[in-house]
Amino acid sequence: MNNDGFDQFKGSSDYVTSEPLRNAVNVSIALGRPLLIRGEPGTGKTLLAHSIAHGLRKKLIIWNIKSTTKAQEGLYVYDTVQRLNDSRFGDRDVSDIKQYIKLGKLGQAFASPEQVVLLIDEIDKADIEFPNDLLNELDEMSFYIPETNETITAIHWPIAVITSNAEKELPDAFLRRCIFHYIEFPDANLMEEIVRVHFPDIKNSLLHEALKAFYSLREIDEFRKKPSTSELIDWIRALIAGGVAHEKISSEIPFIGTLLKKETDYDYFVNNHMTRIGDTFFTRWRR
Amino acid sequence: MAKIDMFTDFFYTLRKRKVPVSTTEWMTLMEALAKGCISNLDEFYYLARAILVKSEAYYDHYDVAFQEYFKGIEAPAEISEQILEWLKGPLNRMTLTEEEQALLDRMDFEELIKEFEKRLKEQTEQHNGGGYWIGRGGTSPFGHSGYHPAGIRIGGESRGRHAIQIAQERRFRNYRSDLTLDVRQIKMALRGLRELSRIGPEDELDLEETIDATAKNAGEIELMWTRSRKNAVKVLLLMDVGGSMEPFALLCSQLFSAAHSSSHFKDFQYFYFHNCIYDNLYQDIERQEAISTDYLLRTMEPDYKLLLVGDARMSPWELMERYGAINYYERNETPGIVWLKRITEHFTHSVWLNPDNPSIWPHPTVQMIGKLFPMFELTLDGLGQAVKKLIVKK
Ligand SMILES: Nc1ncnc2c1ncn2[C@@H]1O[C@H](COP(=O)(O)OP(=O)(O)OP(=O)(O)O)[C@@H](O)[C@H]1O
Ligand SMILES: [Mg+2]
């Protein structure tokens, strides 16, 4: 057995990866098993799939999971409404059912002539049975369409990246088949690198002050939603655009609304951690 | 024989340290090793973790097992040699058919070992292509540290640390679910308090299903109903504060923080008491703002999920007697036990979370209260079990 032939993910210029994460990606590719990625919001789970597709120059197929998503939709849907419509008003041959079968995201990934990266984003949003319902198809890499008596078999198995916020526990049977990696919330050093990807010319003083304030905010447990990477990046964008002096960053936290998106969190912070002096609110953090 | 010992010992060590590894996953690891996925122990550390461990809650267990198993082999060269030696073992290159794998899944571990030993005997006679692994040394496809092609970002960890050191750091200690709690973890556990599609009346029009059914019905309208997808769970938290609960004040405030900041409940109410519940509950920790327990029971719907927090430890008369309240001025007309009984009868789902270690639960009042409410230890695991209890269908 030889694995020299398979594509290796080495990263991409717009995404900061760690070595364990790259290794997990490559193991999942080598073994043809789905890669399950978990981590707090904003830790780059979704972006990873983009980076893999970009780095390996493969097409990315994205299946966004919602609470109402059913496993079946990923395989194919039978557009009965169109068919009904055609039978009444159209001139198409409605006995040709094939034209009303539309492949879902998984179906498209199987049918693609080239290997693709398939992102199943936020699988934990779906019903608890959802992952189990997909097991068979992912194992066999094929499924049957009774309406047309067709079997869709994967030409290449897709590189499957599945993300989860761990809102719900996933079924054991499903977990056993996955390669798993937990993306830790980046520490300040790693975050610096991530920020620099987005703002290559950022001044050190501004970056350091912003990170200091950001990590202090993340210490507060009462927030419904702690600020994450995406909020940090939006905030820094605002700080740069607003030409804010770096001394003010920690003491006033300008544009704090970009960091604390929930009104309750915003109110909580202003009421409990800030003091009003004149027209300006100052943080009560000792400088 | 040394090889098989080494092979099985690691599996045993993981199990002993409570990493829930299944044989399926162990086989997958073997498959990965057979494919030459690694060339040194550092890579092995991450490879085995990615395949065998399916939750960050077990990363620390894994680190403990890894240290224990590989300790004493500090010099990197030695480690690599030893691990490579091990990996060369014929078992590791064995690939199983699906049927074999299914069979193995059903076998218990002892049987599995026997099976391996049998296979090992069968294979010892065979030529061992020794160069297989060593030949790959340094050219493993798995992104060596220091491999730095232009335009690629490699972030994070400081270079030059080795797997054992990484394991020794035990940086995932706080993610364990069987040690102390933090707010984030409690919140995660409380997320289990959900009741979505499977419960409640079918009272929402399912437009998609309706269109589908109507279409299949050749245009004859057929209405399809579904259950609401919003979380229907309402939570009532009653907490014992002060006195013997003092040492657990932080823990309780964390539980409160977590419940309070959990946005997914339909409603969240909380009250305080001291030692036992009597005629009144309190809206504040200082127990100044009283609300009558009777009023509460008359106004709160029985489908509130009730979480009681307390050590349930008091003098028997505090629980059993009229005017038994530790606070003399409470002058409770009704004994605490009667109130507790009314409460447990009122709510369809209730649990008692006890911060004390279960080893000291054998105590008269703890036992009596434990008969009225299912009691769980206030740890993440205990909370998890309590949450399950709170959402069982009745
Ligand atoms: N490693 C990284 N390198 C570069 N940018 C990153 C990285 N991680 C996060 N980001 C930034 O944070 C943003 C959020 O990342 P992403 O949407 O992938 O997070 P997520 O983990 O999928 O979050 P959620 O759980 O909310 O879906 C990205 O758009 C990017 O700007
Ligand atoms: Mg995402």
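What this report covers is the structure whose coordinates are included nearby. (Residues numbered from 1 in each chain as written. Chains lettered and ligands numbered in written order. Predicted model: local features only at pLDDT ≥ 70, side-chain atom pairs only at ≥ 80, totals over all residues. Heavy atoms only, no water.)

## Here we look at the site of ligand 1
All names here are of chain A. Inspection of the region around ligand 1 gives 18 residues, with Val 16, Gly 42, Lys 45, Thr 46 and Leu 47 positioned closest. Separating an oxygen atom of ligand 1 from a side-chain N or O atom of Thr 46 is a distance of 2.7 Å. Look at ligand 1: alone it shows 640 Å² of surface, and the protein chains cover 81% of it. Of all the elements in the fold, those that place two or more residues in the shell around ligand 1 are helix H2 (45–56), helix H8 (188–198) and helix H10 (229–242). In the shell around ligand 1, the residues fall into six nonpolar, eight polar and four charged. Per-domain counts for the shell around ligand 1 show at least three residues from each of domain 1 (19–183) and domain 2 (188–283). (Near = heavy atom within 4 Å. Polar contact = N/O pair within 3.5 Å; in protein donor to acceptor, adjacent residues only side chain to side chain. Areas by Shrake-Rupley, 256 points an atom, 1.4 Å probe, with all protein chains shown as cover. Helix = DSSP H or I, 4+ residues; strand = E, 2+ residues; numbered from the N terminus. Nonpolar A, V, L, I, M, F, W, Y, C, P; charged D, E, K, R; others polar. Domains from an automatic or database assignment.)

## What about empty space enclosed by the protein?
Tallying each qualifying case throughout the model produces four cavities of 30 Å³ or more. As a volume, the largest cavity reaches approximately 70 Å³. Around the largest cavity, the lining residues are Ser28(A), Ile29(A), Gly32(A), Arg33(A), Pro34(A), Leu138(A), Met141(A), Trp157(A), Pro158(A), Ile159(A) and Ala160(A). Residue assignment for the lining of the largest cavity shows that the elements contributing at least two residues are helix H1 (19–31) and strand E8 (159–164) of chain A. When the residues that make up the lining of the largest cavity are grouped by side-chain class, the tally is eight nonpolar, two polar and one charged. What the second largest cavity holds in volume is close to 50 Å³. Put simply, the parts of the chain that give the lining of the second largest cavity at least two residues each are H1 and strand E9 (179–183) of chain A together with helix H3 (41–52) of chain B. Taken together, the residues of the lining of the second largest cavity break down into eight nonpolar, two polar and one charged. (1 Å grid on protein atoms, 1.4 Å probe; cavity = no way out; pocket = protein on both sides within 12 Å on 5 of 7 lines; lining within 4 Å. Points joined across faces, edges and corners; volume = space filled by probe spheres on them.)

## Structural notes on unusual backbone geometry
Phi is positive for Arg57(A), close to 50°, though the residue is something other than glycine. Inspection of the secondary structure puts Arg57(A) in the loop between H2 and strand E2 (60–64). The phi dihedral of Lys18(B) is positive, around 70°, even though this residue is not glycine. Inspection of the secondary structure puts Lys18(B) in the loop between helix H1 (2–16) and helix H2 (23–34). Here Lys18(B) falls in the exposed class, since its relative accessible area comes to 61%. (Buried < 20%, exposed > 50% of the residue type's maximum accessible area, 1.4 Å probe, protein only.)

## Notes on a nonpolar patch on the surface
On the surface, a nonpolar cluster with roughly 690 Å² of combined accessible area is contributed by Val81(A), Leu205(B), Leu207(B), Ile211(B), Ile221(B), Leu223(B) and Trp225(B). With respect to the helices and strands, Trp225(B) occurs in strand E2 (residues 225–227). Classification of Trp225(B) by relative accessible area gives partly exposed; the value is 46%. (Patch = residues over 30% accessible without salt bridge, like charges linked within 9 Å, V, L, I, M, F, W, Y side chains within 5 Å. Salt bridge = Lys/Arg side-chain N within 4 Å of Asp/Glu carboxyl O.)

## Some words on the side chain of Thr334(B)
Residues and elements named next belong to chain B. Following the sequence through the fold, Thr 334 ends up in the loop between helix H14 (316–320) and helix H15 (336–346). Looking at Thr 334, the relative accessible area reads 16%, which means it is buried. Those residues in contact with Thr 334 that lie beyond four places of it in its chain are Tyr 278, Asp 279, Trp 339 and Arg 342. (Contact = heavy atoms within 4.5 Å.)

## Details of the pairing of E9(A)
All names here are of chain A. In terms of burial, E9 is largely enclosed, as five of its five residues are buried. The alternating pattern of E9 places Ile 179, His 181 and Ile 183 on one face and Phe 180 and Tyr 182 on the opposite face, and all of these are buried. As defined by bridge partners, strand E1 (residues 35–39) adjoins E9 across five bridges and the pair is classed as parallel. Its bridge partner lying in E9, Ile 37 is registered against His 181. (Pairing = 2+ DSSP bridges.)

## So, the pattern of salt bridges
A side chain with one charge can pair with a side chain of the opposite charge if their charged atoms come near. Residue and element names in this part refer to chain B. All chains considered together, the criterion is met by 19 salt bridges over all chains. Between Glu 25 and Lys 54 there is a salt bridge whose closest N-O contact spans 2.8 Å. Note that Glu 25 is positioned in helix H2 and Lys 54 in the loop between H3 and helix H4 (59–70), a separation of 29 residues in sequence. A residue is classified by how much of its surface remains accessible, and Glu 25, at 3% relative accessible area, is buried.

## Regarding the sheet that holds E8(A)
Residues and elements named next belong to chain A. Pairing is parallel in the open sheet, where five strands are placed in the order E2-E5-E8-E1-E9. Each edge of the sheet is formed by a strand with only one pairing partner; in this case those strands are E2 and E9. For this sheet the average axis-to-axis angle between neighbouring strands, irrespective of direction, equals 20°. Sheet analysis places E2 next to strand E5 (residues 117–121), joined by five bridges and oriented parallel. Residue pairing for E5: Ile 62 is matched across the bridge by Leu 119. Each of E1, E2, E5, E8 and E9 is contacted by H2, which is oriented at about 165° to E8, the strand it contacts most. (Axes fitted to C-alpha atoms, helices over the stretch in contact; angles between N-to-C directions.)

Keep in mind that these numbers describe shape and distance, not what the molecule does.
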